[in-house]
Amino acid sequence: MLNDRGFDRWSEEYDEFVKKSSVEYPFDGYYEVLEFVYNKIQSKKKARILDVGIGTGVLTHRLYKDGAVIYGVDFSREMIQISLEKMPSAIILQWDFNKGLPMELQKEKFDYIISTYAIHHLNDDKKIEFIVKLRDSLKENGKLIIADISFETVEKRNECKSKYADKWDTDEFYMAAVEILAKLKAIGVDAEYTQISACAGVLELLKS
Ligand SMILES: C[S@@+](CC[C@H](N)C(=O)[O-])C[C@H]1O[C@@H](n2cnc3c(N)ncnc32)[C@H](O)[C@@H]1O
């Protein structure tokens, strides 16, 4: 698992890297996943969107160009720098989301909170805790959309792990939808999951 300095070093090549890697594990389907999330966002103009683990803003800068009001958090200073070059008026805070959301954002409410390819840095229990906190930061009828390396079942995750044993990062926590949906249901949170590629999917939940 990379720390903030590791992501700093990756930042310059990140956009080119995902372009070249989007047909193979772990970025197989990367652009389809981002497109899926993009299409979930209705009325993009003026929508208040928070991107957790915003990185270089591959997805978010499209929404920015559509007129959305972009907020972001990321612990990598260099990733943020690149995002700010693409989105000069975005509000992006350097912050480790292991600690939840920064104080400055806790008073804000968002139409959408999105997170792509970032939340696998939290184990499942921390993910649930974070998801509940993020839900509190949504407006009424706001939506949380989490896209990540993930699988429908534990068996599918295991198959992928065996197939890509050489690339599998054992320090990261990839969701199995059956597990995460059950844990959310147990605390009364309804969500839905869509598998997009062999190794990536999208979890969505509405604040109603
Ligand atoms: C693989 S990149 C994904 C970037 C972007 N969301 C995308 O879809 O291309 C993961 C991003 O999450 C950030 N990140 C990872 N762990 C984090 C943490 N604990 N707190 C804040 N940011 C984190 C990294 O710095 C990096 O920018």
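Above this note sits the structure.
Bear in mind that the values here come from a model prediction, so they are computed numbers and not experimental data.

Draft legend 1. Representation of the overall build of the protein within the structure. When its secondary structure is counted, the protein shows eight helices and eight strands. Relative to the 2.2 N^0.38 estimate, which gives 17 Å for 208 residues, the radius of gyration of the protein is 16 Å and therefore close to what a compact globule would have. Each principal axis of the C-alpha distribution contributes one length, and for the protein these read about 45 × 40 × 30 Å. Evaluated residue by residue, the protein yields a buried proportion of 38% over its 208 residues. Pairs at least 24 residues apart make up 64% of the contacts formed inside the protein by residues separated by at least 6 positions.

Draft legend 2. Region of the structure containing the nonpolar core. Counting 53 residues, the largest nonpolar core has Ile-49, Ile-70 and Ile-113 as the members making the most contacts within it. Not counting chain neighbours up to four residues away, the residues in contact with Ile-49 comprise Leu-63, Ala-68, Val-69, Ile-70, Tyr-71, Phe-110, Asp-111, Tyr-112 and Ile-114.

Draft legend 3. The arrangement of the environment of Glu-179 in detail. By secondary structure assignment, the location of Glu-179 is in helix H8 (residues 177–186). Glu-179 gets classed as partly exposed once you count the C-beta atoms within 10 Å, which come to 14. Each C-alpha atom of the pair Glu-179 and Glu-78 lies 34 Å from the other, and the pair is 101 residues apart in sequence.

Draft legend 4. How the structure looks around unusual backbone geometry. Each neighbour pair has its own omega, and for Tyr-25 with Pro-26 the value is 5°, a cis peptide bond. Following the sequence through the fold, Pro-26 ends up in the loop between helix H1 (4–21) and helix H2 (30–40). The backbone of Ser-43 shows a phi angle near 40°, a positive value even though the residue is not glycine. Looking at where Ser-43 falls in the secondary structure, it is placed in the loop between H2 and strand E1 (48–52). Of note in this structure, Lys-46 is not a glycine but carries a positive phi near 70°. Its place among the elements puts Lys-46 in the loop between H2 and E1.

Draft legend 5. Looking closely at H1. Taking 1.5 Å of rise per residue, 18 residues should cover 26 Å, yet H1 covers just 21 Å from first to last C-alpha, more than 12% shy of that figure. In the structure, H1 departs most strongly from a straight axis at Glu-13, where the bend amounts to approximately 65°.

Draft legend 6. Up close: the environment of Ile-119. Looking at where Ile-119 falls in the secondary structure, it is placed in the loop between strand E4 (110–116) and helix H6 (124–136). Put simply, Ile-119 and Met-175 are 56 residues apart on the chain and 9.2 Å apart in space, counted from C-alpha to C-alpha. Those residues in contact with Ile-119, other than ones at most four positions away along the chain, are Lys-127, Ile-146 and Asp-148.

Draft legend 7. H2, seen in detail. Within H2 the residues assigned to the buried category are Tyr-30, Val-33, Leu-34 and Val-37. When H2 is viewed along its axis, its buried side chains cluster within an angular range of 95° and face the same direction. In this structure, the buried residues of H2 make contact with H1, E4, strand E5 (138–151), strand E7 (192–197) and strand E8 (200–206).

About the criteria used
- Residues numbered from 1 in each chain as written.
- Predicted model: local features only at pLDDT ≥ 70, side-chain atom pairs only at ≥ 80, totals over all residues.
- Helix = DSSP H or I, 4+ residues; strand = E, 2+ residues; numbered from the N terminus.
- Rg over C-alpha atoms; globule rule 2.2 N^0.38 Å.
- Buried ≥ 20, exposed ≤ 12 C-beta atoms within 10 Å, placed from the backbone.
- Contact = placed C-beta atoms within 7 Å.
- Core = buried A, V, L, I, M, F, W, Y, C linked by C-beta atoms within 7 Å.
- Expected span 1.5 Å × (residues − 1).
- Bend = angle between axes of the 7 residues up to and from the residue.
- Arc of directions from axis to C-beta.

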